Each structure stands twice: as structure tokens, then as C-alpha cells.
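Below are the chains, spelled out letter by letter.
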Amino acid sequence: MSIEEELWCIFTKYALLANPAEPALLTSQEFVQLARDTQLCRGPGGRARCEVAIAAQLAAGEKRARTGRRGTHLTFADFLAVLAAL
């Protein structure tokens, strides 16, 4: 399996936890949970760094309308960009 396929599997696992009907969108809360589970954002201010990276990507990311409230869901492209930023 390629790295991209592995990341897609991780993305969809956490997206399905938030909303089984929409596996193509990941909530920001589920991304923070993923970051906690993988210790991507740990230590003092870890959660804040994670939330800032998400907010920055949602502000500058894809301009298409997201399902649900704008700014609360990450697409797979957004997910990859936030991972790279962290």
C-alpha cells in the first residue's frame, strides 16, 4: 500500500467516526482526536497548534462549499495540508 492510500484509510476511519454518511469529510474535532491518538500535537499548547493549523487551512484551502457548516470539515486535500503544516 502506498503512503497516500494509508493516509486515505486513516482519514476515512476518523471521518466515519464523526459521520458514517459522509466519509469524504473529516470534522475538525476528529482531526484533533487523531492528533491526540498519534501524539502529533502533544505537550503544552499542542491542541492549540493543531486548531490553528486547521483554521489556517480552512481559511486558505479549497474554495468549494463544504457539506455542513463552512469551516468545520476537512477534505482529504485539507487533511494532507494540515498534516504537512504540523
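Basis of the calculations
- Residues numbered from 1 in each chain as written.
- Predicted model: local features only at pLDDT ≥ 70, side-chain atom pairs only at ≥ 80, totals over all residues.
- Heavy atoms only, no water.
- Helix = DSSP H or I, 4+ residues; strand = E, 2+ residues; numbered from the N terminus.
- Expected span 1.5 Å × (residues − 1).
- Buried < 20%, exposed > 50% of the residue type's maximum accessible area, 1.4 Å probe, protein only.
- Contact = heavy atoms within 4.5 Å.
- Salt bridge = Lys/Arg side-chain N within 4 Å of Asp/Glu carboxyl O.
- Axes fitted to C-alpha atoms, helices over the stretch in contact; angles between N-to-C directions.
- Parallel < 35°, antiparallel > 145°, perpendicular 65-115°, else oblique.
- Nonpolar A, V, L, I, M, F, W, Y, C, P; charged D, E, K, R; others polar.
- Left-handed = near helix turned anticlockwise from the far one by under 90°.
- Phe/Tyr/Trp six-rings, centres within 6.5 Å; stacked < 30°, edge-to-face > 60°.

### Section: helix α1 (residues 3-18)
For α1, spanning 16 residues, the distance from its first C-alpha to its last is 23 Å, which sits close to the expected 22 Å at 1.5 Å a residue. Among the residues of α1, Phe11, Thr12, Tyr14 and Ala15 are the ones counted as buried. Of the surrounding secondary structure, the elements contacted by the buried residues of α1 are β1 (26-27), α2 (28-37), β2 (73-74) and α4 (76-85).

### Comments concerning unusual backbone geometry
Of note in this structure, glutamine 39 is not a glycine but carries a positive phi near 60°. Looking at the secondary structure, you find glutamine 39 in the loop between α2 and α3 (46-60).

### Comments concerning the pattern of salt bridges
With the rule as written, the count across this model stands at one salt bridge. In this structure, glutamate 51 and arginine 47 form a salt bridge, with 2.8 Å as the shortest nitrogen-oxygen distance. Taken together, the residues span about one helical turn, with glutamate 51 and arginine 47 both in helix α3 at a distance of four residues. Note on arginine 47: relative accessible area 44%, which makes it partly exposed.

### A closer look at the packing of α1 against α4
Remark: α1 packs on α4, axes separated minimally by 11 Å, with the N-to-C direction vectors making an angle of 105°. What the angle tells us is that α1 and α4 run roughly perpendicular. Only Phe76, Phe79, Leu80 and Leu83 of α4 make contact with α1, whose side of the interface consists of Glu4, Leu7, Trp8, Ile10 and Phe11. Residues that form the contact of α1 with α4 fall into these classes: eight nonpolar, no polar and one charged.

### Some points on the side chain of serine 28
Checked against the element boundaries, serine 28 lands in helix α2. Apart from residues lying up to four places away in sequence, serine 28 is in contact with Ile54 and Thr72.

### Some words on the packing of α1 against α2
Two quantities define a packed helix pair, namely the angle between the axes and the distance from one axis to the other. Closest axis-to-axis distance for the α1/α2 pair is 9 Å, and the angle between their directions is 125°. Here α2 runs oblique to α1, going by the angle between their axes. α1 and α2 meet at a crossing whose hand is right-handed. Only Glu30, Gln33, Leu34 and Asp37 of α2 make contact with α1, whose side of the interface consists of Ile10, Tyr14, Leu17 and Ala18.

### Quick look at the packing of aromatic side chains
Scanning the entire structure with this criterion turns up six aromatic pairs. Between phenylalanine 11 and phenylalanine 76, the ring centres sit 5.5 Å apart and the planes meet at 75°, which makes this aromatic pair edge-to-face. Taken as a pair, phenylalanine 11 in helix α1 and phenylalanine 76 in helix α4 lie far apart in primary sequence, 65 residues in all. Here phenylalanine 76 falls in the buried class, since its relative accessible area comes to 15%.

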